[in-house]
Amino acid sequence: MTRPLLLIDTDPGVDDALAILMAHAHADVAALTVAAGNVGLEHTVRNARKLVELLNVATPVHPGCPSPLVRAPEEDAAFVHGTDGFGDVGYPEPRPQASAEHAALALIRMTHEKPGELTLVALGPLTNLALAVRLDPSLPSRVKRLVIMGGAVTGHGNTGKIPAEFNIGFDPEAAHVVFEAFPMFDLVDWEATVRHAFPDEVYESWSAHGDERATFFHAIFGTARLFNAEHERAGFIAADALAMAVAVDPSIVTRAETRHVAIELDGRLTRGATVVDWHGRLGGKPNARIVLDVDQARFGELIAQALGVPA
Ligand code: BDR
Ligand code: CA
């Protein structure tokens, strides 16, 4: 497996945290660009800085947009991830500082500095990436690969608007801009996440045998774990970790379908839905490789290594 160079746009968030641990274990990380999403920007930036401190790395953290492009969000995900996005464990102020450069400008600059080299991994609402694309429409041509965690391709989402998934539902206009701008991207949707849950005992074993990364993750995971248990979300579900696995090891994908995917912007009950032209009848050029299945054992290995579990 060659080590990709990743630029991660994220809204940490507990599953973002696991994905960022995986990225640093299995890839080179150029930067974290941070959006509001799971919780407000002040928390998501602080959480990104905390991860940089935990990992003892020099990965730059670029704060981005504090709100969606057009409409105010209907809800955040503090009820899953905790008020501060990291389970409200009260960790001390992290030492690493955030960059003064805005996330959208950092995305543009870094894709100019390393044209064709960066794999973008989008783990949150697509606000920063959409803004960058509007500022510089040529950005997609300089990106090696884009992997997006987002969508609910058959409509079994996880928001109040039933067919919508959180990252897309939080900022549908941004998702629309990105889905139209990139000729092809990998889409890891919520439903794939649920299909690729791990039994609780597997997570408990990682947690028991890992190093300080596992200890930290276990602490911040408490709120989300309780929420999942109380809402019939069986097993260990980690949406952003699945997208990161696809980003660091593309060979993990065992089943995928390439289709045109559009974002519903206006629906009274369906705003934020990812509408897949499964039968190719609407004439849109396919833009998404929809990841349907991955090698679950390999996915587990990638997580375990990132938590410091001995082989
Ligand atoms: C996505 O929404 C967020 O709560 C998670 O961090 C993940 O990116 C799952 O729908
Ligand atoms: Ca996220």
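All of these numbers come straight from a predicted model, not from anything done at the bench.

A. Summary view of the overall build of the protein. Each helix and strand counted, the protein has 13 helices and 10 strands in total. In terms of overall dimensions, the protein is globule-like: its C-alpha atoms have a radius of gyration of 18 Å, near the 19 Å expected for 311 residues. If one aligns the C-alpha atoms of the protein with their principal axes, the spans along those axes are about 50 × 40 × 40 Å. Within the protein, the fraction of its 311 residues that count as buried is 58%. Across the protein, the fraction of contacts at a sequence separation of at least 24, relative to all contacts at a separation of at least 6, is 82%. Of the roughly 12,400 Å² that the protein leaves accessible, carbon and sulfur atoms contribute 54%.

B. Just the coordination of the calcium ion (ligand 2), in detail. Binding of the calcium ion (ligand 2) to the protein goes through D11 (OD), D16 (OD), D16 (OD), L123 (O) and D240 (OD), at separations of 2.3 to 2.6 Å. Here the donor residues of the calcium ion (ligand 2) share one chain and are spaced in sequence as D-x4-D-x106-L-x116-D. Here D16, found in helix α1 (residues 14-26), pairs with L123, found in the loop between β4 (118-122) and α5 (127-135); they are 107 residues apart in sequence, far enough to count as distant. Residue class for L123 comes out buried when judged on its relative accessible area of 1%.

C. Seen up close, the environment of L265. The topology assignment puts L265 in the loop between β8 (261-263) and β9 (274-276). Sequence separation of L265 and A35 is 230 residues, and the distance between their C-alpha atoms is 20 Å. The residues touching L265, leaving out its near neighbours within four places in the chain, are R71, P172, E173, H176 and R271.

D. Highlighting the site of ligand 1. Contacts to ligand 1 come from 13 residues, most closely from D15, N38, L123, E165 and D240. The contact in question runs from an oxygen atom of ligand 1 to an N or O atom on the side chain of N38, over 2.5 Å. When isolated, ligand 1 has an accessible area of 280 Å², and the protein chains bury 95% of it. Residue assignment for the shell around ligand 1 shows that the elements contributing at least two residues are α1, α6 (166-170) and α12 (239-248). Grouping the amino acids of the shell around ligand 1 by side-chain chemistry returns five nonpolar, four polar and four charged.

E. Local environment of the pattern of salt bridges. Taken as a whole, this structure holds 18 salt bridges when the rule is applied. Put simply, R46 and E93 hold a salt bridge, and the shortest N to O gap is 2.8 Å. With R46 in helix α2 (residues 41-55) and E93 in the loop between α3 (78-81) and α4 (103-113), this pair connects stretches of sequence that are 47 residues apart. When its relative accessible area of 22% is taken as the criterion, R46 is described as partly exposed. We note a salt bridge from R145 to D186, for which the minimum N-O separation is 2.7 Å. Residue R145 is located in strand β5 (residues 143-149), and its partner D186 is located in strand β6 (residues 185-188); the two are separated by 41 residues in the primary sequence. When salt bridges that share partners are traced, they join R46, R49 and E93 into one network.

F. Summary view of α12. Counting buried positions over the 10 residues of α12 gives 10, a clear majority of the element. Listed as buried for α12 are A239, D240, A241, L242, A243, M244, A245, V246, A247 and V248.

G. Spatial organisation of helix α13 (residues 296-306). Taken together, the buried positions of α13 are occupied by F299, G300, L302, I303, A304 and A306. The elements touched by buried residues of α13 are α1, α9 (200-209), α10 (212-220), α12 and β10 (288-294). At the N-terminal boundary of α13, the capping side chain belongs to D295, with an oxygen 3.1 Å from the backbone nitrogen of A297. Phi turns positive one or two residues past the end of α13, at G308, with a value near 80°.

Conventions and cut-offs
Residues numbered from 1 in each chain as written. Chains lettered and ligands numbered in written order. Predicted model: local features only at pLDDT ≥ 70, side-chain atom pairs only at ≥ 80, totals over all residues. Heavy atoms only, no water. Helix = DSSP H or I, 4+ residues; strand = E, 2+ residues; numbered from the N terminus. Rg over C-alpha atoms; globule rule 2.2 N^0.38 Å. Buried < 20%, exposed > 50% of the residue type's maximum accessible area, 1.4 Å probe, protein only. Contact = heavy atoms within 4.5 Å. Areas by Shrake-Rupley, 256 points an atom, 1.4 Å probe, with all protein chains shown as cover. Donors = N, O, S within 2.8 Å, 3.2 Å for Na, K, Ca; no water. Near = heavy atom within 4 Å. Polar contact = N/O pair within 3.5 Å; in protein donor to acceptor, adjacent residues only side chain to side chain. Nonpolar A, V, L, I, M, F, W, Y, C, P; charged D, E, K, R; others polar. Salt bridge = Lys/Arg side-chain N within 4 Å of Asp/Glu carboxyl O.

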